[in-house]
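The lines below spell out each chain.
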Amino acid sequence: MTAEQIRKKFLEFFKKKGHKVLPSSSLVPEHDPTVLFTTAGMQPLVPYLLGEPHPLGRRLCNIQKCLRTDDIDKVGDSSHLTFFEMLGNWSLGDYFKKETIEWSFEFLTKELNIPLEKLAISVFEGEPENNIPRDEESAEIWQKLGMPKERIVYLGREDNWWGPAGKTGPCGPDTEVFYWTGKSPVPKKLEPTDKGWDEHWFEVWNDVFMEYEKTEEGKFVPLKQKNVDTGMGLERMLAVLEGKENVFETELFLPVIEEIRRLASKKDERAERIIADHLKSTVFLISEGILPSNIERGYVLRRLLRRAIRYAKLLNLKEKWYLDLIKKVIGIYQDTYPEVRTKETDIITVWQKEEECFAKALDKGLTRLEKILKSKKEKIITGKEAFDIYQSYGFPLELTEELVKEKDFEVDKEGFYQAQKEHQEISRRGAEKKFGGLHPPTTHEDKYQMAKLHTATHLLHQALRQVLGKKVHPVKSSKAGASPKAKQFNRVKQMGSDIRPERLRFDFSFERKMTDEEIKKVEDLVNQKIKQDLEVKKEEMEYEKALKSGALSFFKEKYPERVTVYSIDNFSKEICAGPHVKTTSELGKFKITKEESSAAGIRRLRAILE
Ligand code: SER
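Draft legend 1. Local environment of the site of the ligand. Around the ligand, a shell composed of Ala40, Met42, Arg68, Met86, Trp162, Asn206, Val208, Asp229, Thr230 and Gly231 is seen. Between the ligand and Asp229, the relevant distance is 2.8 Å, taken from a nitrogen atom to a side-chain nitrogen or oxygen of the residue. Protein burial of the ligand: of its 240 Å² of free accessible surface, 95% is covered by the chains. Counting residues per element, the shell around the ligand draws most heavily on strand β9 (residues 220–233), which supplies three residues. Residues of the shell around the ligand, tallied by class, amount to five nonpolar, three polar and two charged.

So, in structure tokens, the structure goes:
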């Protein structure tokens, strides 16, 4: 069975049981500020699990793109992934344990023809201290369906409790279905060993009984309605149905793994899997508009990109290896998720940039780290050392940790955060003085990126003024026939600006939405100025003189007597504290990514440099 057939079968099955199909939500949660990514299909449904009525009713199902990095160090084994697809069905206060378990069983054994003998079950052992009973009800339902008692195990919170996805929210005990992928006979019992689960037991299905809400105080309060949240990992199920012992041999991975093997001059299965997994995640993240940065989602993306680059180095992958791999991933997913195809250029550009700057730093950073390790008596890397490596070579903390762990060293993480905090405090003070409180730049690379965006902001400002133009404001005359007096002013005035290493944001006065044509004109004009390779000239002068010379100023800002004026040919002239690049050709390609309203009469643009 193919991945697409499983997707279809699943939705058809639950449609027949009265469920409505929801589209896959974005990987970036729109309404939940407590999490960075969509980690499960239930996440976009949180308000409805808490009791809000859903417009499509009480029975829903879908296929959801998910991203989880908690288990990133497990990627490389047979089944852990950072990006995966989850097939799920939900009861929002409608059916509960009996129907859920029966349908899970029916789907697995009848629709997918999985033999009962290969399956085992876990259920929740209960938590009297929290008033949560042992889940004998679920165990009985499974037994009635034919599951032998000895293959049903009771486990605790670590294994059989799910949620909340963020710090607070709906959660509950669950019952999980495991499939034995080993070639040896199915073990009589389902039991974790001292070393954890046998890798051949694949968790393929999870029925969560969401009947509690975790509160801010850490209490579990029964919900008004008893919900069901189920999840089936597509990649694992595919491996099961294709008779594979690991997810990397399925059609959702094999083309990528084979390509890695073709490009590599060394063999290391774990490294191959990590590269394949991380690369796939980056393709999806970038296709949703996320760019590498040093905070939050951008940081996770950067970590995945850099971790993949490091493993590519271990395998000696041929130069530009990622281009072929990106194509393979797009080939696998373009029919199901067309955004990976439409965003191909963005994906390649981000990879090219990240690879260019990090691959070089990686070698130097590794040499430096090697030196530090050699100089040590104790197996500890101080926080300051780890932070220096981060600052100078762009090694995410987790990468340094991972590298030194191979030699039994540890990193003083607290010390790292402390060093980072101190650094941010210093940069913040500096930045506040300089730019009036912008986010502090952290690495050299980020600083350069921000300088480029500053220069781009000036070009954008002027382009907007030119394209959206001067408005002639007619002054009504009382005498009929008299020619109206005209007052001229430029509609575009800077109202705000925020620059992060990955993008610029620009607010300006303008009374309506810009048309697509206008956006294109502005982009073209900026790109034309970039192509002309114009010098960015810096001069210091008296504030009054600067104004007289026609330099634009940001009306909210209070300026000192002497100011710096940046001019770009005779196109743009602005009072600004900088920093800027030397010539416009350094900027690359300018692209507006969003146009929206910021407040009445104020528009907001976001733009990037590719
Ligand atoms: N939320 C549960 C899980 O992620 C069931 O979908 O396993």
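What follows picks up the thread again.
Draft legend 2. How the structure looks around the confidence of the model for the protein. The share of residues in the protein with pLDDT of 70 or more is 92%, and the mean pLDDT across the chain is 89. Long-range and interchain partners of residues 431–441, a stretch whose pLDDT sits below 50, account for 20 contacts in this model, where long-range means more than four residues apart. Long-range and interchain partners of residues 475–486, a stretch whose pLDDT sits below 50, account for seven contacts in this model, where long-range means more than four residues apart.

Draft legend 3. The packing of aromatic side chains, seen in detail. Enumeration according to the criterion identifies 30 aromatic pairs in this entry. For the ring pair Phe284 and Tyr333, a centre distance of 5.0 Å and an interplane angle of 80° mean the geometry is edge-to-face. Here Phe284 is found in helix α8 (residues 269–287), whereas its partner Tyr333 is found in helix α10 (residues 321–333), with 49 residues between them in sequence. The exposure class assigned to Phe284 is buried, which follows from its relative accessible area of 0%. The buried category is assigned to Tyr333, whose relative accessible area is 0%. Chaining the aromatic ring pairs together yields one cluster made of Phe10, Phe13, Phe14, Phe107 and Trp205. The ring of Tyr154 is capped by Arg134, whose NZ or CZ atom sits 3.6 Å from the centre of that ring. Looking at Arg310, its charged tip hangs above the ring of Tyr311, at a distance of 4.7 Å from the centre.

Draft legend 4. Broad picture of the state of the cysteines. Inspection of every chain in the model, using the stated rule, returns zero disulfides. The thiol of Cys61 is unpaired, and the distance to the nearest cysteine sulfur, on Cys66, comes to 15 Å.

Draft legend 5. Focus on the sheet that holds strand β19 (residues 590–599). Judged by pairing direction, the sheet is antiparallel, and its four strands sit side by side in the order β14-β15-β20-β19 without closing on themselves. Of all strands in the sheet, those bounded by a partner on one side alone are β14 (494–500) and β19. Direction aside, the axes of adjacent strands within the sheet are offset by 15° on average. Bridging between strand β15 (residues 503–509) and strand β20 (residues 602–609) involves six bridges; their strand directions are antiparallel. Its bridge partner lying in β20, Leu504 is registered against Ala607. Along the sheet, helix α16 (residues 444–468) makes contact with β14, β15, β19 and β20, crossing β15 at roughly 30°.

Draft legend 6. Structural detail: the side chain of Asn206. For Asn206, the location among the structural elements is in strand β8 (residues 201–214). When its relative accessible area of 8% is taken as the criterion, Asn206 is described as buried. For Asn206, the contacting residues outside a window of four places in its chain are Trp162, Asp174, Thr175, Glu176, Asp229, Thr230 and Gly231.

Draft legend 7. Main features of the pattern of salt bridges. The final tally for this structure, using the stated rule, is 48 salt bridges. A salt bridge links Asp498 to Arg503; the nearest nitrogen and oxygen atoms lie 3.3 Å apart. Beyond isolated ion pairs, a larger network of salt bridges with shared partners links Glu4, Arg7, Lys8 and Glu85.

Draft legend 8. Up close: the side chain of Glu523. For Glu523, the location among the structural elements is in helix α17 (residues 516–531). Lys520 provides the closest opposite charge to the buried, salt-bridge-free Glu523, at an N-O distance of 6.3 Å. Ignoring sequence-local partners within four residues, the contact set of Glu523 consists of Phe590, Lys591 and Ile592.

Draft legend 9. Representation of the nonpolar core in the model. Counting 130 residues, the largest nonpolar core has Trp321 and Trp351 as its most contacted members. No other element matches the ten residues that helix α12 (residues 344–374) contributes to this core. Among residues more than four places away in sequence, those in contact with Trp321 are Leu263, Ile275, Leu279, Ala308, Ile309, Ala312, Trp351 and Glu355. Core analysis: the next-biggest nonpolar cluster, separate from the first, contains 34 residues, Ala451, Ile530, Tyr566 and Val581 among them.

Draft legend 10. Fine view of helix α6 (residues 234–241). Most of α6 is tucked away: seven of the eight residues are buried. Listing the buried residues of α6 in full gives Leu234, Glu235, Arg236, Met237, Leu238, Ala239 and Val240. Among the residues trailing α6, Gly243 stands out with phi positive, at a value near 70°.

Draft legend 11. Broad picture of the sheet that holds strand β17 (residues 562–568). With antiparallel pairing, three strands are arranged side by side in an open sheet as β16-β17-β18. Of all the strands in the sheet, just β16 (536–542) and β18 (572–575) have a single pairing partner and so form its edges. In this sheet, neighbouring strand axes are inclined to one another by 25° on average, regardless of whether the strands run parallel or antiparallel. Where β16 meets β17, seven bridges bridge the pair, whose relative direction is antiparallel. The residue of β17 that forms the bridge with Glu540 is Thr564.

Conventions we followed
- Residues numbered from 1 in each chain as written.
- Predicted model: local features only at pLDDT ≥ 70, side-chain atom pairs only at ≥ 80, totals over all residues.
- Heavy atoms only, no water.
- Near = heavy atom within 4 Å.
- Polar contact = N/O pair within 3.5 Å; in protein donor to acceptor, adjacent residues only side chain to side chain.
- Areas by Shrake-Rupley, 256 points an atom, 1.4 Å probe, with all protein chains shown as cover.
- Helix = DSSP H or I, 4+ residues; strand = E, 2+ residues; numbered from the N terminus.
- Nonpolar A, V, L, I, M, F, W, Y, C, P; charged D, E, K, R; others polar.
- pLDDT = per-residue confidence, 0-100.
- Contact = heavy atoms within 4.5 Å.
- Phe/Tyr/Trp six-rings, centres within 6.5 Å; stacked < 30°, edge-to-face > 60°.
- Buried < 20%, exposed > 50% of the residue type's maximum accessible area, 1.4 Å probe, protein only.
- Lys NZ or Arg CZ within 6 Å of the ring centre and 35° of its normal.
- Disulfide = S-S within 2.5 Å.
- Pairing = 2+ DSSP bridges.
- Axes fitted to C-alpha atoms, helices over the stretch in contact; angles between N-to-C directions.
- Salt bridge = Lys/Arg side-chain N within 4 Å of Asp/Glu carboxyl O.
- Lys, Arg positive; Asp, Glu negative; His and termini not counted.
- Core = buried A, V, L, I, M, F, W, Y, C linked by side-chain atoms within 4.5 Å.

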